[in-house]
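Listed here are the chains, written in short residue letters.
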Amino acid sequence: MLAVQLSSALSVGLIDQVGPAGTAWLRLSMGAIILLLIARPPLHLIRRRDVPVLLALGVATGLMSTAFLAAIDHIPLGTAVAIEFLGPLTVAAFRSRNRRMLVWPLLALGGVVLMTEPWHGEVNLAGVGFAALAGTGWGSYILLTQRVGDRFSGISGLSITIPVAAVVAALIGVPQASGQLDWRVLLIAAGLALLAPVAAFGLEMLALRRMTHTAFGTLMAVEPAFGVLLGLLVLHQRPSPLQLAGIVLVVLAGAGAQRGGSRTREPRPED
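Residues numbered from 1 in each chain as written. Predicted model: local features only at pLDDT ≥ 70, side-chain atom pairs only at ≥ 80, totals over all residues. Heavy atoms only, no water.

1. Notes on the overall build of the chain
Phase 1 of the analysis: A tally of regular secondary structure across the chain gives 12 helices and zero strands.
Phase 2 of the analysis: Traced from its N-terminal end to its C-terminal end, the chain shows the element sequence α-α-α-α-α-α-α-α-α-α-α-α.
Phase 3 of the analysis: Its C-alpha atoms give the chain a radius of gyration of 18 Å, near enough to 18 Å, the size a compact globule of 271 residues would have.
Phase 4 of the analysis: The dimensions of the chain, computed from C-alpha atoms along their principal axes, are 55 × 50 × 25 Å.
Phase 5 of the analysis: Burial analysis of the chain (271 residues in total) assigns 51% to the buried set.
Phase 6 of the analysis: Of the contacts made within the chain by residues no fewer than 6 positions apart, 89% connect residues no fewer than 24 positions apart.
Phase 7 of the analysis: In the structure as shown, the chain presents an accessible area of about 12,500 Å², 67% of it carried by carbon and sulfur atoms.
Phase 8 of the analysis: Across the chain, the 19 positively charged side chains and the 13 negatively charged ones have centroids separated by 11 Å. (Helix = DSSP H or I, 4+ residues; strand = E, 2+ residues; numbered from the N terminus. Rg over C-alpha atoms; globule rule 2.2 N^0.38 Å. Buried < 20%, exposed > 50% of the residue type's maximum accessible area, 1.4 Å probe, protein only. Contact = heavy atoms within 4.5 Å. Areas by Shrake-Rupley, 256 points an atom, 1.4 Å probe, with all protein chains shown as cover. Lys, Arg positive; Asp, Glu negative; His and termini not counted. Charge placed at Lys NZ, Arg CZ, Asp CG, Glu CD.)

Next up, the structure:
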């Protein structure tokens, strides 16, 4: 969580230069190169039924990364994370098959309302929309990451999915970044890529291999708080008392919605 939010906060300067989609494309492309160097793609282990899952995870990662960076180009980092968190939170509530669990996404939504303060008439609809789109990608990403992590050892699955994500981000990112690339930009993008996707996504895949979606989600509930903290420390975005109360509601909703402990699963097939 620290790696993801630190990478996002430090990406703001690059967004100003090459745009949010350009930043996502550069980060994912650099991350793909690094992963290909440190984790050989397990191409010989890929079965036909693995292909749709690998492609879907790549698309979800590219969508999530591009939409989230577009969101923080319009709204504060902590607010964007809180809205994005509604995606995996809603997925967890529906997967529980308990209608009473739907109260938690509603509580989190109340927290998001406090953070966006719509009564001031200054809600940035573009930023909210991009963050919601990122949340859809995040919910899909968590489910698919666990499946890929179960299938391939270590972080080798990322050496397949991150290049796919880079191609997805390139559709908008290449036109945005065109004419703005130099060695300084590429070095900054490489440094950001070490934080996310390389370190952050690799650690998430290793965690999801050992945990249930719900236990993982309970821990991830504090990510909006990380977003607010790093938004304050790195970007000097000061939340109001009501916005802090909204973050507390989102964190409580995330923790309350998700129950579970260590995972038991079938041994990974090797064929």
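Next comes the rest of the write-up.
2. Regarding a nonpolar patch on the surface
Phase 1 of the analysis: A cluster of nonpolar side chains, namely L106, L109, V113, W119 and L242, defines an oily patch on the protein surface of about 470 Å² accessible area.
Phase 2 of the analysis: With three residues, the single largest contributor to the nonpolar patch is helix 6 (residues 103-116). (Patch = residues over 30% accessible without salt bridge, like charges linked within 9 Å, V, L, I, M, F, W, Y side chains within 5 Å. Salt bridge = Lys/Arg side-chain N within 4 Å of Asp/Glu carboxyl O.)

3. Overview of empty space enclosed by the protein
Phase 1 of the analysis: One pass over the structure, following the stated rule, counts two cavities of 30 Å³ or more.
Phase 2 of the analysis: Of the pockets and cavities examined, the largest cavity occupies roughly 190 Å³.
Phase 3 of the analysis: Lining of the largest cavity is provided by 16 residues; of these, V4, M64, F68, E84 and F201 occupy positions nearest its centre.
Phase 4 of the analysis: Of all the elements in the fold, those that place two or more residues in the lining of the largest cavity are helix 1 (2-10), helix 4 (50-72), helix 7 (125-151) and helix 9 (183-210).
Phase 5 of the analysis: Counting residues per element, the lining of the largest cavity draws most heavily on helix 4, at four residues.
Phase 6 of the analysis: Within the lining of the largest cavity, the residues separate by chemical class into nine nonpolar, three polar and four charged.
Phase 7 of the analysis: Estimates place the volume of the second largest cavity at around 30 Å³.
Phase 8 of the analysis: Together, A24, R27, L28, S65, A196, P197 and F201 line the second largest cavity.
Phase 9 of the analysis: At the level of secondary structure, the elements contributing two or more residues to the lining of the second largest cavity comprise helix 3 (20-38) and helix 9.
Phase 10 of the analysis: Residues that form the lining of the second largest cavity fall into these classes: five nonpolar, one polar and one charged. (1 Å grid on protein atoms, 1.4 Å probe; cavity = no way out; pocket = protein on both sides within 12 Å on 5 of 7 lines; lining within 4 Å. Points joined across faces, edges and corners; volume = space filled by probe spheres on them. Nonpolar A, V, L, I, M, F, W, Y, C, P; charged D, E, K, R; others polar.)

4. A few points about the packing of aromatic side chains
Phase 1 of the analysis: Overall, the coordinates contain two aromatic pairs when judged by the stated rule.
Phase 2 of the analysis: Residues Y141 and F201 carry aromatic rings whose centres are separated by 5.2 Å and whose planes lie at 50° to one another, so their mutual orientation is tilted. Of this pair, Y141 sits in helix 7 while F201 sits in helix 9; the two residues are 60 residues apart in sequence, bridging distant segments of the chain. Just as Y141 is buried, F201 falls in that class too.
Phase 3 of the analysis: Lying across the ring of F152, R151 places its NZ or CZ 5.2 Å from the centre. (Phe/Tyr/Trp six-rings, centres within 6.5 Å; stacked < 30°, edge-to-face > 60°. Lys NZ or Arg CZ within 6 Å of the ring centre and 35° of its normal.)

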